[in-house]
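# Tertiary structure, described
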Amino acid sequence: MGAGTAEAQSSKSKASSEDLTNPAPMGSETQPVPPLSTTIPGFLQSPYGPPSFGAPYGTTHMFGTWGGVQPWLQKHGIYVAVDVYESLMGNVTGGRHQTETNAGQVGVTVDLDWHQILGGDWSKDLWLHTLMVNGHGRNLSGDIGDNVTQAQQIYGARGNVVAHLVWAYGEKAWFNRKVDLAAGWIPTGTFFNNSPWLCSFANVSMCGNVTPTKYLNGGRDWPSGNMGTVLRLMPNPHLYLMGGLFAVSPHSYNGGISGWSWAQSGLGKLSTEVELGWIPEFGKDKLIGHYKVGAMYDNSRYHDLYDDGSGQAWVLSGRSPRYQSGQTSVWVLMDQMLIRHGDGPMNGLMLAGYYSYASGQTSAMNHHLVGSLLDTGKLWGRPLDTWGIAYQWMNFSRAATLQQEASFDNGLPFQSTNFGVPHGIQSHENIYEFFYSYHIMNGLTLQPDFQYFNRLGGTTRYKDAAVLGLVFNAAL
């Protein structure tokens, strides 16, 4: 779950030069703007909520001013946000067996405005951003037989780690924030391959940067970070161009299980990401849209999923897999507000979707297509509530299918890929999701969620699964 799209980054730098007693309501969407004492400030707000906490979790503190602590900290350039997220889900039908799980986390952001702390023109629009999380529980999907996607946004526990580091990076902007540079430990999806509506849904394949890119070593996202840097050029509020360069980790966990081991072995390769975005506003109601196209190229070498170099299956020939030079991913994301219900970039009826691709020779999933519709509850007198429906189609590459067929036909175990060990021969998977987020009070939401998994894990090994869930989120 990331929160650094270009429009969000623009709002981050903005707070250091604007009056913080009236922060821009970038993430409040359907909520009236409270005074500073109860509001997470504008620079922390993305179009889908505070960093990493996602929509529709809100941008207000449940506990208000913390007894006056928040205004004092913000006056001295220190911005703190704490979020508690719990997700209880169970499959009522289908899957390997019926079960239920809880997965959750506590997240803490601490951001420093060096201009407020140190003073001087040199420190204007200079920030340090940090985020740490403590995860617990386990994700339902692994229990019911789906290693491809996860019904819950939170993966579960990440080892015996009290504070897993997600990001720690500096940011400096120039020329009235038209040029913005970030460098440090950064999940790539904090900036790239992300959009305002994605984390409204509980399924993790959409939250953060989208699948399959985030399951590639060069594009990993939440809770993994990468050593890297991002340069964003934004000549006006409606257009941006971003480029990023990141170290690629060959390990299962970037930064180790804790996220703090930045000097891992094997970091000699680089991943490059670029994205062009257009953020128009149409008509007198300023119907906002987000249109993005981007690509990633990782110059590492990866094993071909099938070919041993002679066109044969390496699982049968005993030869080493053929090496593929480089790994590529591309994406197109869009959302467009059709009817506005109030202030904010998500306050209205929105049509949204995306398409993402990854090289099928090295990624088991090569195509991912999503369509969705979101709105608030204004029509029935609940303007602070949010609902949404989404459909996902995930397709598996020919190379992955050929490898699995060779293993199955010869009684061999299935091999692990970047989407885990399959339970059968994979072709495609369909996922349907509906949620309703109930706004209880400032900073507190309760979200019932329903998901239907057709061809669980991309196979026919288990019956289709119907999953019911309840998501609790409190921005303290």
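This text follows the structure it describes.
Source: prediction; values computed, not measured. (Residues numbered from 1 in each chain as written. Predicted model: local features only at pLDDT ≥ 70, side-chain atom pairs only at ≥ 80, totals over all residues. Heavy atoms only, no water.)

## Considerations on the pattern of salt bridges
- Scanning the entire structure with this criterion turns up six salt bridges.
- A salt bridge links D285 to K284; its shortest N-O distance comes to 3.6 Å.
- Among the salt bridges present, the one from R319 reaches D308, with a minimum N-O distance of 2.9 Å. Here the residue R319 occupies a position in the loop between α5 (314-317) and β11 (323-340), and D308 occupies one in the loop between β10 (287-303) and α5, the gap between them amounting to 11 residues.
- Relative accessible area serves as the criterion here: at 48%, R319 is assigned to the partly exposed category.
- The exposure class assigned to D308 is buried, which follows from its relative accessible area of 8%. (Salt bridge = Lys/Arg side-chain N within 4 Å of Asp/Glu carboxyl O. Helix = DSSP H or I, 4+ residues; strand = E, 2+ residues; numbered from the N terminus. Buried < 20%, exposed > 50% of the residue type's maximum accessible area, 1.4 Å probe, protein only.)

## Some points on the side chain of S407
- Tracing the backbone through its elements, the reader meets S407 in helix α6 (residues 398-409).
- According to the relative accessible area criterion, S407 is buried, its value standing at 1%.
- Beyond its immediate sequence surroundings of up to four residues, S407 is in contact with V315, L412, P413 and F414. (Contact = heavy atoms within 4.5 Å.)

## Side note on the state of the cysteines
- Summed over all chains, the structure comprises one disulfide.
- The disulfide partner of C199 is C207, and the gap between their sulfur atoms is 2.0 Å. The S-S bond linking C199 to C207 shows a torsion near 95°; that makes this disulfide right-handed. Taken individually, C199 and C207 each receive the classification buried, so the pair is uniform in this respect. (Disulfide = S-S within 2.5 Å.)

## Focus: the side chain of H439
- Checked against the element boundaries, H439 lands in strand β15 (residues 428-441).
- Since its relative accessible area comes to 10%, H439 is described here as buried.
- Among the polar contacts listed, one links the side chain of H439 to the backbone oxygen of M441, at a separation of 3.2 Å. (Polar contact = N/O pair within 3.5 Å; in protein donor to acceptor, adjacent residues only side chain to side chain.)

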